[in-house]
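The primary structure of each chain is shown beneath.
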Amino acid sequence: MIIDVHTHIFPPEIRADRAGFAHPEETAYGLIYRDPSARVIGAAELIQSMDREGVDVSAAFGFPWSREETARLHNDYVLEAQARFPGRIIGLACFDPLQPWAEREAVRTLDKGLKGLGELAVYHAGFDRRAIEALADLGRLCRERRVPLLVHVNEPIGHQYPGKAPLTLKMIYDLVQALQGTTTILAHWGGGLFFYNLMKKQVPETLGHVFFDTAASPFLYRPEMYSLAARIIGPERILFGSDYPLIKPGRYFKEMDAAGLDPDAAGLIKGENATRLFGLKGS
């Protein structure tokens, strides 16, 4: 079973009027999605892509909105998509974790049946003390509900692009420490944090609850990233995520093949790890 843990879907209201939702407080959304070339899709389009690409299940979520009404609209659409396509779409709740209503929205959506929180992001300030405390509170909720928390992180160096947060490795590591005991997924290879699993002390234990998804890897890294990461952190800690509709899944599969992953490692990354993480029945 192939499982994509990182996809984005949008309700029809936002797809029809993307500029209308770029309110002044939604600067991150405006930066990423005001550009007409930035694709936004609905649940049916995601399912069509999954069928073409051979993906069995996708974890889908929205955007970390700062306005509560927009976050509710988007999360309700994800709930509808999960109900409309049972067994195909796993919904996660997404919102700005710094807002005073964030935990209320997390509880509401988890009570209604979403399967975790994500992709939670702090695009402008990075993980300062306030952000880490907010995400740690949400992590405690995820531990209580036994669901994963997926957090946006990115590499601290290299070229700039819309949505690249001003993060440092220390910020990411401090967040991981604050989330001890929470099943945590760090998007986009965790900004490269897994490289430090080679250290002899502290870091391997600290990273013990962390998974790393592959979202946007073809834009960021050479194919050998897969084989190196499998050697350093272990294939059982890597999750296939496409960031669709940004990149089609097939491009990732080609790069995994080019990296020379053995079939067992590829099977873990493509779906077996996510099957266990989300408590699905494998096939």
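A. Molecular detail of the overall build of the chain. Scanning the chain from N- to C-terminus turns up twelve helices and eight strands. When the backbone C-alpha atoms are referred to their principal axes, the chain occupies close to 45 × 45 × 40 Å. Split into buried and exposed, the 283 residues of the chain put 59% on the buried side. Sequence-distant contacts in the chain: of pairs separated by 6 or more residues, those separated by 24 or more amount to 78%. Taken as a whole, the chain presents about 12100 Å² of accessible surface, with 52% of it coming from carbon and sulfur.

B. Representation of the environment of Ala 28. Summarising the element assignment, Ala 28 is placed in helix α2 (residues 27-33). For the pair Ala 28 and Glu 133, spaced 105 residues apart in the sequence, the C-alpha separation amounts to 21 Å. Ala 28 has contacts with Phe 63, Tyr 123 and His 124, leaving out every residue within four places of it along the chain.

C. How the structure looks around the packing of aromatic side chains. Per the stated rule, a full pass over the model turns up 15 aromatic pairs. For the pair Phe 10 and Tyr 33, a centre-to-centre distance of 5.0 Å together with 65° between the ring planes defines the contact as edge-to-face. Of this pair, Phe 10 sits in the loop between β1 (3-8) and α1 (12-16) while Tyr 33 sits in helix α2, and the two are 23 residues apart along the sequence. Phe 10 sits in the buried class, given a relative accessible area of 1%. Plain terms: the ring middles of Phe 240 and Tyr 252 are 5.5 Å apart, the flat faces sit at 70° to each other, and that makes the pair edge-to-face. On the criterion of sequence distance, the pair formed by Phe 240 in the loop between β8 (238-239) and α11 (249-258) and Tyr 252 in helix α11 is long-range, its members being twelve residues apart. Residue Tyr 252 is classed as buried on the basis of its relative accessible area, which comes to 0%. What links up through ring pairs into an aromatic cluster is the set Phe 10, Phe 21, Tyr 29, Tyr 33, Phe 63, Trp 65 and Tyr 123.

D. Region of interest: helix α7 (residues 169-178). All of the buried residues in α7 are Ile 172, Tyr 173, Leu 175 and Val 176. Down the axis of α7, the sector holding all buried residues measures 155°, keeping them to one side. Residues of α7 that are buried make contact with α6 (129-145), β5 (149-151), β6 (184-186), α8 (203-206) and β7 (210-213).

E. The arrangement of the sheet that holds strand β2 (residues 57-61) in detail. The parallel open sheet is built from three strands, whose spatial order is β1-β2-β3. The open sheet has two edge strands with one neighbour each: β1 and β3 (89-91). Along the sheet, successive strands turn relative to each other by an average axial angle of 30°, direction set aside. Pairing geometry for β1 and β2, over four bridges, is parallel. Bridge pairing in β2 places Thr 7 opposite Ala 60. Contacts from helix α4 (residues 68-84) reach β2 and β3 within the one sheet, and its direction differs from that of β3 by about 150°.

F. Structural view of the pattern of salt bridges. Under the criterion given, the structure shown has twelve salt bridges. Notably, a salt bridge pairs Glu 155 with Lys 164, separated by 3.5 Å at the nearest N-O pair. Owing to a relative accessible area of 10%, Lys 164 belongs among the buried residues under this scheme. Three or more residues joined by partner-sharing salt bridges are found here, namely Glu 25, Arg 67 and Glu 69.

Procedures and definitions
Along each chain, residues carry numbers from 1 onward, in the same order as the chain's sequence is written. In keeping with the model being predicted, local features are shown solely for residues with a pLDDT of at least 70 and side-chain atom pairs are shown and tallied solely at 80 or more, while totals for entire chains, interfaces and linings include all residues. As a convention, hydrogens and water are excluded, and side-chain values are obtained from all of the structure's heavy atoms. Strands are runs of DSSP state E lasting at least 2 residues, helices are runs of H or I lasting at least 4, and numbering of each runs from the N terminus. A simple rule labels every residue: compare its accessible area, found with a 1.4 Å probe on the protein chains alone, to the largest value its type can have, and call it buried under 20%, exposed over 50%, or partly exposed in between. Any two residues having at least one pair of non-hydrogen atoms within 4.5 Å are treated as being in contact. Here the accessible surface of atoms and residues is derived via Shrake-Rupley with a 1.4 Å probe, and residues count as covered only by protein chains that are part of the display. To pair, rings of Phe, Tyr and Trp, with the six-membered ring standing in for Trp, must have centres within 6.5 Å; the planes then decide the type, stacked if under 30 degrees apart, edge-to-face if over 60, and tilted in the middle. By definition, the arc is the one covered by directions from the helix axis to the C-beta atoms. In this analysis, strands are considered paired if DSSP registers two or more bridges between them. Axes here mean lines fitted to C-alpha atoms, for a helix over just the part in contact, with angles spanning 0 to 180 degrees between N-to-C directions. The salt bridge criterion pairs a side-chain nitrogen of Lys or Arg with a carboxyl oxygen of Asp or Glu, the two atoms within 4 Å.

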